[in-house]
Structures are given as structure tokens and as C-alpha cells.
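Here are the chains, one letter per residue:
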Amino acid sequence: MALNIPVGISNFTEIRSNNYYYVDKTNLIYELLQSPGTEVIMITRPRRFGKTLAMSMLESFDIRKASKVLFEGLDIMSHQSLCEEWMNKWPVIFVSFRQVDGLDLTVHVRCFLLLSQSFLMSIYICLMMRGLLNTRERHLEILLQERQRRPSLRTAYGFLQRS
């Protein structure tokens, strides 16, 4: 039987759904969720080190996905109480700068603004799903409707810092 190696694919759902060869790294989820008092997790590694795949795996634990089948047979499923408490119950906001490309600053700024808008949309969806929208979050909704303008980005970050 030949190995179906996922060259250039960093989407956990795609890898698991298409039976690509996968080295089980799901214990990372267990380790992250066992870290007490962690509010923000920043994963830094060199290029081509699996950051996007690791984040995609975490995203598959997201509230919006029915992902139990993706994790069948993997190490994380041996931690049954953790899976019951966390799997598909808490939103994951996944931001990747992988798509930021281009040779000039204008292109980089435009890509960054688009990523920022996507990030704000993820927050908005999480708040909506949790029923936590109120007048303060209405400001976030207005920001999302605006097009990519620098003042909007500054305002958005100011809003996020106050939240």
C-alpha cells in the first residue's frame, strides 16, 4: 500500500477526510488545554514547521464544526473527559499570515487589512454564537461593514484593546 503524503496541504480536515498520511500531533491540544491561566496562545516556529497545520487542527475543535469523526483513532480521543468538555464547545480564532505575499508595502498592507477584517469577523461570529452581542459589539459590526481603510483598522484595534 502506497502512502498518500499530503505535500503542501496544511488543512487538517482535508488531510483526515482524504486519508492522507498524518503523524498524530493531537496531544498538542491536550497540552494546551491543560495549561492553567492561558488567555492567549501564540505559536511561533520557523518556516515550514507545521504551524498552519497545528492551528488547523485546533480550529477543527471549533464550536462550528462536527469534528469528532476527524479525530477518531487519534491520541486526543483517549482523553475522553477533556474531549467532552472542550470539543465543539469553544470557538477558535485562527489567524495566519501565510497568505500575505507581495513585493511592495502597499500589497502587504492590503493583505494585512484583509486578514484583520477576517479576524474581526471571527470575533463577531463568536460573539453572535454565544449570544453576547450588545451595543458595544454593535461597534464591531459597523467596523466590519466598512471597507479596508486605515482609520477603521486603528479604531478596531482600539476597540479590541478595550474589550
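Relevant structure appears above.
Residues numbered from 1 in each chain as written. Predicted model: local features only at pLDDT ≥ 70, side-chain atom pairs only at ≥ 80, totals over all residues. Heavy atoms only, no water.

Q: Just give me the short version of the overall build of the chain, but keep the residues and values in it.
A: Broken down by element type, the chain carries eight helices and zero strands. When the helices and strands of the chain are placed in sequence order, the string is α-α-α-α-α-α-α-α. Looking at the chain residue by residue over its 163 residues, the buried ones come to 28%. The long-range fraction of contacts in the chain, counting pairs at least 24 apart against all pairs at least 6 apart in sequence, stands at 58%. (Helix = DSSP H or I, 4+ residues; strand = E, 2+ residues; numbered from the N terminus. Buried < 20%, exposed > 50% of the residue type's maximum accessible area, 1.4 Å probe, protein only. Contact = heavy atoms within 4.5 Å.)

Q: Now, about the environment of Val95: what can you tell me, with residues and values included?
A: Mapped onto the fold, Val95 is located in the loop between helix H5 (80-86) and helix H6 (105-129). Taking the C-alpha atoms as reference, Val95 lies 6.6 Å from Phe119; in sequence the two are 24 residues apart.

Q: Tell me about helix H3 (residues 51-59), and name the residues and values.
A: Turning to H3, its buried residues number three or more, namely Ala54, Met55, Ser56, Met57 and Leu58. If you follow the buried residues of H3, they end up packed against helix H1 (12-17), helix H2 (27-33) and helix H4 (68-71).

Q: Which residues make up the side chain of Ser10, and what values go with them?
A: Along the chain, the position of Ser10 falls in the segment before H1. Under the relative-accessibility criterion, Ser10 is labelled buried at 18%. Residues within four places of Ser10 in sequence aside, it is in contact with Thr52, Leu53, Ser56 and Arg98.

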